[in-house]
Amino acid sequence: MRDWAWGVVTGHRLRLLTSLFLIVFCSSVWYILYPVGELPATSAQKAWAWASLIWLSGMIPGTVGLLGAFAYRHPTSLDDAQPIRQQICWRIITSGKNIEIVLRTIRRCQAEMKRTPLAPYVIEVVIDTCPNVALLPQRDPDVRVITVPDDYRTPSGSRFKARALHYALLNSPISDQTWIVHLDEETQPTSSGIKGICKFIGEAESTGRLKIGQGSLLYHREWERHPFLTLADIGRTGDDFARFHFQNRLGITLFGLHGSYIVVRNDIEKATGGFDFGPRGDITEDAFWAMKAMQLGVRCAWVEGYLEEQSCMSFSDFLRQRRRWFQGLVQVALHAPVAIRWRLCLALNTVLWGLAPFAMFYTLGNLAHHVSISPVVRVLASYSFATFATLYITGLAANMDEHGITSWSRRVFLTAKVLLLLPVFAAMEGLGVLWALLNPARGFEVVKK
């Protein structure tokens, strides 16, 4: 049990409402204490006042996220998950640079499957040719190492992770009925995740409706070593409960797909043609693939339970990661080989995301400019920021629960800390986008985990 419920009222939903109220209340206090400023008189002042509309760029994704978050309920029946006969393939893709974290992921898979033995399984490590291949457990009966040859080229010339995924699709000996769980090298399963995956697979096999599954990721694993960056990343857990839960409830990947915690049967992945989209699609190959799958009629669904990832270990890696995501999603919106209707929502969301650094600079300029902003815009801007705050508050709660933080004083302290740091986190997200706009990356940057 990860939440209390009284009919439709749950702890999670009450937390959402409380977060929204607190942010609006704090904004109201700010409006009282901060001078409204002079009414715009000159053309420049009027233009500056109208530019405040940029503050509303987060309203649409924020509102969609709220709908998904209010619809979400923490699972209460995962312990009822039944064993399944279908094999699970934990497929880990790695370049071999972070071999220590790959080894930890392998051991975690083995330990959690032993702890929650609900399905036969195999662990596939797909790795580029490198000296670190010899460090992988070659003799474990549940581990299979697939080495991608140096001279391997995909038909479309895909690079990086997409190249390895396509090679594995063609060369893995697993059966068509095996269910693949795609993992990044630092993504590790939990007992709840295994139960949720098995429940998802069991329902799909019994109904014959084979969908692509995805669930929520946690980022608390290195909390003690990297407390600030862990807090900066927990908004992603909240976004899983929000926008990603919303799209999976609809069955359509409106906002793309995480490259990790993808659950798909092998024959379905083969039917989509895999991840070979060429250089335009190998930065965020997961989102490219999701668009193609939707056009082919494959639908997505929510998977209960958590998997654990690891937050970035440096400020620069945090920015690099966001830069790559933004660049990749721009490529998806422009070049994904699907009809425009499948790309339209993602394109709009990416454009709104691209406004984030300019909204940040406008906020800083407004502190010194003292031009009156419309009260309607200020209220809507407060609402937009409140939706952003709820991602962190709900993500924080889930990560604290799984990390074993039960002290109320500690939980209140961390919640207050997150609220105070929200402008900093917003600035970090915006700087990653600005970096992508001013100095795009030339390849797939692997951040240290």
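Preceding this section is the structure that the text describes.
Because the structure is a prediction, the values reported are computed rather than measured.

Calculation rules
- For every chain, the first residue of the written sequence is number 1, and numbering continues from 1 onward in sequence order.
- Since the coordinates come from a predicted model, pLDDT governs what is reported: local features require at least 70, and pairs of side-chain atoms require 80 or more to be given and counted, while whole-chain, interface and lining totals use all residues.
- Hydrogens and waters are ignored; side-chain quantities use all the structure's heavy atoms.
- Planes of paired rings set the category: under 30 degrees apart is stacked, over 60 is edge-to-face and the rest tilted, where pairs are Phe, Tyr or Trp rings (Trp by its six-membered ring) whose centres lie within 6.5 Å.
- Elements are defined by DSSP. Helices are runs of H or I of four residues or more, strands are runs of E of two residues or more, and each kind is numbered from the N terminus.
- Pairs of strands are assigned from DSSP output, requiring at least two bridges between the strands.
- Residue contacts are defined here by distance: any two heavy atoms, one from each residue, within 4.5 Å place the two residues in contact.
- Between the N-to-C directions of two axes lies an angle of 0 to 180 degrees, each axis being a line fitted to C-alpha atoms and, for a helix, fitted only over the stretch in contact.
- Using protein atoms alone on a 1 Å grid, points that fit a 1.4 Å probe yet trap it form a cavity, whereas open point sets bounded by protein on both sides within 12 Å along at least five of seven lines form a pocket; residues with an atom within 4 Å of a point count as lining.
- Grid points are joined across faces, edges and corners, and a volume is the space filled by probe spheres set on the points.
- Asp, Glu, Lys and Arg are counted as charged, while Ala, Val, Leu, Ile, Met, Phe, Trp, Tyr, Cys and Pro are counted as nonpolar; the rest, among them Gly, fall into the polar class.
- Summary of the burial criterion: residues with accessible area below 20% of their type's maximum are buried, those above 50% are exposed, and those between are partly exposed, where the area comes from a 1.4 Å probe applied to protein chains only.
- Counting of polar contacts relies on pairs of N or O atoms within 3.5 Å, with two restrictions inside protein: one atom must be capable of donating a hydrogen and the other of accepting it, and residues adjacent in sequence are counted only when both atoms are side-chain atoms.
- Salt bridges are counted wherever a side-chain nitrogen of Lys or Arg sits within 4 Å of a carboxyl oxygen of Asp or Glu.

### Quick notes on the packing of aromatic side chains
Counted according to the given criterion, the structure contains 14 aromatic pairs. Both rings, one in Trp55 and one in Tyr362, keep their centres 5.3 Å apart while their planes meet at 80 degrees; by these two values the pair is edge-to-face. Here the residue Trp55 occupies a position in the loop between helix 2 (43-50) and helix 3 (59-71), and Tyr362 occupies one in helix 13 (residues 356-369), the gap between them amounting to 307 residues. With a centroid separation of 5.9 Å and an interplanar angle of 35 degrees, the aromatic rings of Phe385 and Phe388 are classed as tilted. Here Phe385 pairs with Phe388, and both are found in helix 14 (residues 375-403), just three residues apart, close to one helical turn. Each residue in the set Phe228, Phe385, Phe388, Tyr392 and Phe425 is aromatic and connected to the rest through ring pairs, giving one cluster.

### Some thoughts on the sheet that holds strand 8 (residues 212-218)
With mixed pairing, eight strands are arranged side by side in an open sheet as 5-4-3-6-9-8-10-7. Both outer strands of the open sheet, strand 5 (143-148) and strand 7 (188-189), are each paired with one neighbouring strand and no more. Two elements, strand 7 and strand 10 (residues 300-308), share two bridges in a ladder whose sense is antiparallel. The residue of strand 10 that forms the bridge with Pro189 is Leu307. Its contacts with the sheet put helix 6 (residues 191-207) on strand 3 (88-94), strand 6 (179-184), strand 7, strand 8, strand 9 (262-265) and strand 10, and the angle it makes with strand 10 is roughly 160 degrees.

### Topic: the layout of surface pockets
When its volume is computed, the second largest pocket comes out at roughly 550 Å³. Along the wall of the second largest pocket there are 20 residues; nearest its centre are Arg15, Ala397, Met400, Trp408 and Arg411. Those elements giving two or more residues to the lining of the second largest pocket turn out to be helix 1 (11-33), helix 14 and helix 15 (408-438). Looking at which element gives the most residues to the lining of the second largest pocket, the answer is helix 1, with six residues. Residues that form the lining of the second largest pocket fall into these classes: 11 nonpolar, five polar and four charged.

### Focus on unusual backbone geometry
Positive phi, close to 60 degrees, is recorded for Phe160, a residue that is not glycine. By the secondary structure assignment, Phe160 is in helix 5 (residues 160-171). The partly exposed category is assigned to Phe160, whose relative accessible area is 28%. A positive phi angle, close to 65 degrees, is found at Tyr261, a residue other than glycine. For Tyr261, the location among the structural elements is in the loop between helix 8 (235-250) and strand 9. Residue classification places Tyr261 among the buried residues on the basis of a relative accessible area of 0%.

### Quick look at the side chain of Glu124
Mapped onto the fold, Glu124 is located in strand 4 (residues 121-128). Judged by its relative accessible area of 0%, Glu124 falls in the buried class. One polar contact links Glu124 to Arg144, side chain to side chain, over a distance of 2.8 Å. In contact with Glu124, not counting residues within four places along its chain, are Cys89, Trp90, Arg91, Ile92, Arg144, Ile146, Ser172, Pro173 and Ile174.

### So, the pattern of salt bridges
When the charged atoms of two side chains with opposite charge come close together, those side chains can pair. Under the definition given, this model contains 24 salt bridges. Between Glu124 and Arg91 there is a salt bridge, with its nearest N and O atoms 3.0 Å apart. Of this pair, Glu124 sits in strand 4 while Arg91 is found in strand 3, placing the two residues 33 residues apart along the sequence. One exposure class covers both Glu124 and Arg91, and it is buried. Here the salt bridges do not stand alone but share partners, grouping Arg108, Glu112, Arg115, Arg221 and Glu308 into one network.

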